[in-house]
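# Structural overview for review
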Amino acid sequence: MRGLPSEVYLKEVGPRDGLQNEQKWISTEDKIAWINMLSKTGVSEIEYSSFVHPKMIPALKDAREVGRRINREKGVAYSALVPNMKGLEHALEAGIDGASVFMSASETHNLKNINKRIPETYPILTEVIKEAKNAGKIVTGYVSTVFDCPYEGRIEVEDVLSVCDQLIESGVDYLSLGDTIGTAVPTQVEKLLEGLFPYFPKDKLILHFHDTRGMAIANIMTALHMGITRFDSTVGGLGGCPYAPGAAGNVATNDVLYLLNGLGIETGINEKCIQEASIYIQNKLGTTLPSRSVAYLKNA
């Protein structure tokens, strides 16, 4: 069995990916207070919102105001999702350290998600990436449905490789590979990473797992043993994709921290503070978050 890394970088995507699928409106004031809490947890990066058209994701229609008003902690990068040049313009005005562009490895999911075929998406993202880089921003390319698609089924590694290659060619700094519907198992993770490693450095790859089938932690463990040190997660396991029916939330930051702390892997994140931020947003949503660690805390 391969060794484990000594340090792992977790990006907290709860304020964006966690809230985008929620039906209950979280007020701007509560979003700001929550992000300010997250900024004190020791996370190195927070993806705080999405600069898409408000009609597409009403839950994040206040992205510009949130970006302008959050407290910026030293040592924390604040990034956001941007779909096009208009979104990038608004994001730069609101203040971002990093921009994330997005597309799918599945043609059908790409059409459902951004209303464009894969070849039509590249010129738009290339322009956004170029301008974001010109503005001195780190750019991450999200690739959705890298394992399975809710419309097309299993996705071939060659299709993922093709999209990743184009995004790297366009200038992204990192590739975030998304198990959008949360159905992957460790053997799929192994197969995908083995297919990508000859072409992309391990430290440029981020894994983004949803936990629909309860496999996210197992998949992260597999990726750790293969040398991956970057992961996306959301406090409490919030999340879901509006264009991926049945997809559950992202892997919970709380649960990943429990794993990493138990393995002696450094993250710089305070687990207790993450739990407090989880309880805060759980109370605001008036729901029960899926994180096992949050449930344990409640029942302890």
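## What about the pairing of strand 10 (residues 230-233)?
Side chains Arg-230 and Asp-232 project from strand 10 onto one buried face, and the interleaved Phe-231 and Ser-233 project onto a second face that is buried too. Bridge analysis of strand 1 (residues 9-12) against strand 10 gives four bridges, and the strand direction is parallel. Counted as the bridge partner of Glu-12 is Ser-233 from strand 10. Following the chain from strand 9 (residues 205-209) across helix 9 (residues 216-225) to the adjacent parallel strand 10, one finds a crossover that is right-handed.

## Things to note about the pairing of strand 2 (residues 45-50)
The buried fraction of strand 2 is high, at six of six residues. The sheet contact formed by strand 1 and strand 2 spans two bridges and is parallel. Opposite Glu-12, over in strand 2, you have Ile-46 as the bridge partner. Here five bridges tie strand 2 to strand 3 (residues 77-81), and the two strands are oriented parallel to one another. Note that in strand 3 the partner of Ile-46 across the bridge is Tyr-78. What joins strand 2 to strand 3 is helix 3 (residues 63-69), and the crossover it makes is right-handed.

## Some remarks on the packing of helix 5 (residues 107-114) against helix 6 (residues 118-134)
The N-to-C vectors of helix 5 and helix 6 enclose an angle of 55°; their axes lie 10 Å apart at closest approach. The angle between the axes of helix 5 and helix 6 places the two elements in the oblique class. Where helix 5 abuts helix 6, its residues Glu-107, Asn-110 and Ile-114 lie against Ile-118, Pro-119 and Thr-121. Of the residues in the contact of helix 5 with helix 6, the class split is three nonpolar, two polar and one charged.

The rules behind the values
Residues numbered from 1 in each chain as written. Predicted model: local features only at pLDDT ≥ 70, side-chain atom pairs only at ≥ 80, totals over all residues. Heavy atoms only, no water. Buried < 20%, exposed > 50% of the residue type's maximum accessible area, 1.4 Å probe, protein only. Helix = DSSP H or I, 4+ residues; strand = E, 2+ residues; numbered from the N terminus. Pairing = 2+ DSSP bridges. Right-handed = clockwise from strand over helix to strand, strands pointing away. Axes fitted to C-alpha atoms, helices over the stretch in contact; angles between N-to-C directions. Parallel < 35°, antiparallel > 145°, perpendicular 65-115°, else oblique. Contact = heavy atoms within 4.5 Å. Nonpolar A, V, L, I, M, F, W, Y, C, P; charged D, E, K, R; others polar.

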